[in-house]
Amino acid sequence: LAVLPFENLSGDPTQDYFADGMTDELITMIAQNTELRVISRTSAMQYKNVHRPLPDIARELGVDGILGGSVGRSGNQVHINAQLIYAPTDTHIWAESYDRSLRDIGSLQTELSQTIARQVGSRVSVSNKPERRLDPDAHDAYLLGRQFWFARNMEQSRIHFQKAIDLQPDYAAAWSGLADSYTVSVMLGEYPPGKIMPLAEEAARKALQLDDSLAEAHAS
């Protein structure tokens, strides 16, 4: 399965980070299902704004299924269109639209990932952990932090990850992002390891303390 970059419904290029961030988080959620082989974000993002026949893209990525769609937000609401395509015949397997509060974004991503698993005949694992509600402003800051991180602007990424943490101190993914920004700063030669790596380790351990099931925290 490949999750192609969701289109930005707003028409405002400055909102691309939100659509890209939602794509990234959805890839992560779906990839937690061990019965599915999900193409990485790096491979999928090369098809952003690329309008080509889906069977061609599927052949290049070596997948049977393509998940695509669009996302937009207005005020505290988010609207998502999602479509699952069987690539060899370019036919729809499933399509749905969702309108939810930004505070319910976590449960929406879980619902989407479980629905996709069912549609492709995979078993669905249901977590006993209660769904953690995200502060919309903290989530927005986190997505901006990741956007700057992928763009290798570590200073701006740290500012936004820290803002997410300030708004929601128990936001494990934001702590993981902060750790990653410190680590890459060292890799880029911006800071000496002895000064920064202890801060990276502290943030990574905080992320694990908050959520030891979070893959990003273990990677950090």
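Numbers given for residues are sequential positions, taken from 1 along each chain in its written order. Since the coordinates come from a predicted model, pLDDT governs what is reported: local features require at least 70, and pairs of side-chain atoms require 80 or more to be given and counted, while whole-chain, interface and lining totals use all residues. Only heavy atoms go into the side-chain values, all of them from the structure, while hydrogens and water stay out.

Details of the packing of aromatic side chains
When two rings of Phe, Tyr or Trp (its six-membered ring) have centres within 6.5 Å they constitute a pair, described as stacked for plane angles under 30 degrees, edge-to-face for angles over 60, and tilted for the intermediate range. Under the defined criterion, the tally for this structure stands at 3 aromatic pairs. Ring centres of W149 and F150 lie 5.2 Å apart, and the angle between their planes is 75°; this geometry places the pair in the edge-to-face category. Relative accessible area serves as the criterion here: at 34%, F150 is assigned to the partly exposed category. Working rule: Lys NZ or Arg CZ, within 6 Å of ring centre, within 35 degrees of ring normal, means a charge sits over the ring. Taking the ring centre of W149 as reference, the NZ or CZ of R146 above it sits at 5.0 Å. Each residue is placed in one exposure class: buried if its accessible area under a 1.4 Å probe, protein chains only, is under 20% of its type's maximum, exposed if it is over 50%, and partly exposed if it falls in between.

So, the nonpolar core
Throughout this description, the term nonpolar core refers to a set of buried Ala, Val, Leu, Ile, Met, Phe, Trp, Tyr and Cys residues connected via side-chain atoms within 4.5 Å. With 53 residues, the main nonpolar core has I30 and L67 as its most contacted residues. L4, Y47, I57 and A87 belong to the second largest nonpolar core, which has 11 residues in total.

Focus: the layout of surface pockets
Computed from the structure, the second largest pocket encloses a volume of approximately 460 Å³. Here a helix means four or more residues in a row that DSSP labels H or I, a strand means two or more in a row labelled E, and each is numbered from the N terminus. Residue assignment for the lining of the second largest pocket shows that the elements contributing at least two residues are strand 2 (7-8), helix 1 (16-31), helix 3 (54-61), strand 3 (65-74) and strand 4 (77-86). Of the residues forming the lining of the second largest pocket, the biggest block, 4 residues, is contributed by strand 3. When grouped by side-chain class, the residues that make up the lining of the second largest pocket number 10 nonpolar, 8 polar and 5 charged. As defined here, a cavity is a set of points on a 1 Å grid over the protein atoms alone where a 1.4 Å probe fits but cannot get out. A pocket is an open set with protein on both sides within 12 Å along at least five of seven lines, and residues line them when an atom is within 4 Å of a point. Grid points are joined across faces, edges and corners, and a volume is the space filled by probe spheres set on the points. Three classes are used, and their members are as follows: Ala, Val, Leu, Ile, Met, Phe, Trp, Tyr, Cys and Pro are nonpolar, Asp, Glu, Lys and Arg are charged, and the others, Gly among them, are polar.

Some words on empty space enclosed by the protein
This structure, assessed with the given rule, holds 3 cavities of 30 Å³ or more. Taken together, Y17, D20, G21, D24, R41, Y142, L143, R146, Q147 and F150 make up the lining of the largest cavity. Counting only elements with at least two residues in the lining of the largest cavity, the list comes to helix 1 and helix 5 (136-150). Broken down by element, the lining of the largest cavity gets its largest block of residues, 5 residues, from helix 5.

So, the pattern of salt bridges
A side-chain nitrogen of Lys or Arg and a carboxyl oxygen of Asp or Glu constitute a salt bridge if their distance falls within 4 Å. Inspection of the entire model under this criterion finds 9 salt bridges. Its salt-bridge partner being D20, residue K48 comes within 2.7 Å of it at the nearest N-O pair. Placement of the pair is K48 in the loop between helix 2 (41-45) and helix 3 and D20 in helix 1, with a sequence separation of 28 residues. Residue class for K48 comes out partly exposed when judged on its relative accessible area of 27%. Judged by relative accessible area, D20 falls into the buried class, the value being 4%. Salt-bridge contacts for R100 lead to E111; the nearest nitrogen and oxygen are separated by 2.9 Å.

Observations concerning the packing of helix 1 against helix 5
Relative orientation and spacing of two packed helices are given, respectively, by the angle between their axes and the distance between those axes. The axes are straight lines fitted to the C-alpha atoms, using for helices just the contacting stretch, and the angles between their N-to-C directions are given from 0 to 180°. In contact at an axis separation of 9 Å, helix 1 and helix 5 are set at 90° when each is read in the N-to-C sense. Our classification of the angle between helix 1 and helix 5 gives roughly perpendicular. Facing Y17, F18, D20, G21, M22, D24 and E25 of helix 1, the residues of helix 5 in contact are H139, D140, Y142, L143, L144, Q147 and F150. Its residues assigned to classes, the contact of helix 1 with helix 5 comprises 7 nonpolar, 3 polar and 4 charged. Any angle between 65 and 115 degrees counts as roughly perpendicular, while under 35 counts as roughly parallel, over 145 as roughly antiparallel, and the rest as oblique. When checking whether two residues touch, look at their non-hydrogen atoms; a contact exists if any pair is within 4.5 Å.

Looking at helix 6 (residues 154-167)
Expected span, for any helix, means 1.5 Å times one less than how many residues it has. An ideal rise of 1.5 Å per residue puts 20 Å on 14 residues; helix 6 measures up with 20 Å between its terminal C-alpha atoms. The set of residues buried in helix 6 consists of M154, S157, R158, H160, F161, A164 and I165. For helix 6, the secondary structure elements touched by its buried residues are helix 5 and helix 7 (172-187).

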